[in-house]
Amino acid sequence: MQQDRLSDWLVKHELVHRSLGFDCRGIETLQIKTEDWDSIAVISYVYGYNYLRSQCAYDVAPGGFLASVYHLTRIQYGIDKPEEVCIKVFAPRNNPRIPSVFWIWRSADFQERESYDMLGISYDNHPRLKRILMPESWIGWPLRKDYITPNFYEIQDAH
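Here the structure is a predicted model, which is why all the values come from computation and not from measurement.

**Considerations on the nonpolar core**
Here comes step 1: Leu6, Trp37, Tyr70, Leu72, Ile87 and Ile98 are the most contacted members of the largest nonpolar core, which totals 26 residues.
Here comes step 2: Mapped by element, the contributors of at least two residues to this core are helix 1 (5–12), strand 2 (28–32), helix 2 (34–47), strand 3 (51–59), strand 4 (66–73), strand 5 (84–91) and helix 3 (108–119).
Here comes step 3: Ignoring anything within four residues of it in the chain, the contact list for Ile98 reads Thr34, Trp37, Ser68, Tyr70, Val89, Ala91, Ile121, Ser122, Tyr123 and Asp124.

Encoded structure:
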């Protein structure tokens, strides 16, 4: 099965995206604009990407964009090597807002919450977007490259 089929379909239907190339396993990575993500996520599900294998996020560079990454898979009976695609959605760090895909893939629930907790990306329309790893009183976003550890944290408290 050809790995670039979703990209071809998006081009055919004039949906804006950018190919970022292929990884070592031949899985294509696509960049989607934040404002197009909710509609392209629905299209991807209808197209057959019925499984969200993982969602993660990272800080691209200090002062730069934050990225939310989605690994989607087409699960079908009788197919030994399911088709996969990686989608990256970039958001500005001063107001990182990305549409939630919880209502399409329920497995996004805790994954989007973790991305919110660690990097401060707000997932619009997520039903329970709150901290999942850090205490509610925690100040800041620990995985941002410009994060400064608060003075009140003592290494001895970790024991």
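Moving on from the model shown.
**With respect to the packing of aromatic side chains**
Here comes step 1: Evaluated as defined, the whole model comprises five aromatic pairs.
Here comes step 2: Measuring from ring centre to ring centre gives 4.7 Å for Trp37 and Tyr70, while their planes differ by 40°; the resulting arrangement is tilted. With Trp37 in helix 2 and Tyr70 in strand 4, this pair connects stretches of sequence that are 33 residues apart.
Here comes step 3: We classify Trp37 as buried; its relative accessible area is 0%.
Here comes step 4: When its relative accessible area of 0% is taken as the criterion, Tyr70 is described as buried.

**Some details on the pairing of strand 5**
Here comes step 1: Most of strand 5 sits inside the fold, with seven of its eight residues counted as buried.
Here comes step 2: Taken together, the five bridges between strand 2 and strand 5 define a ladder with parallel strand orientation. Bridging across to strand 5, Glu28 finds its partner in Val85.
Here comes step 3: As defined by bridge partners, strand 4 adjoins strand 5 across eight bridges and the pair is classed as antiparallel. Residue pairing in the sheet places Leu72 in a bridge with Val85 of strand 5.

Scoring rules and cut-offs
- Residues numbered from 1 in each chain as written.
- Predicted model: local features only at pLDDT ≥ 70, side-chain atom pairs only at ≥ 80, totals over all residues.
- Heavy atoms only, no water.
- Core = buried A, V, L, I, M, F, W, Y, C linked by side-chain atoms within 4.5 Å.
- Buried < 20%, exposed > 50% of the residue type's maximum accessible area, 1.4 Å probe, protein only.
- Helix = DSSP H or I, 4+ residues; strand = E, 2+ residues; numbered from the N terminus.
- Contact = heavy atoms within 4.5 Å.
- Phe/Tyr/Trp six-rings, centres within 6.5 Å; stacked < 30°, edge-to-face > 60°.
- Pairing = 2+ DSSP bridges.

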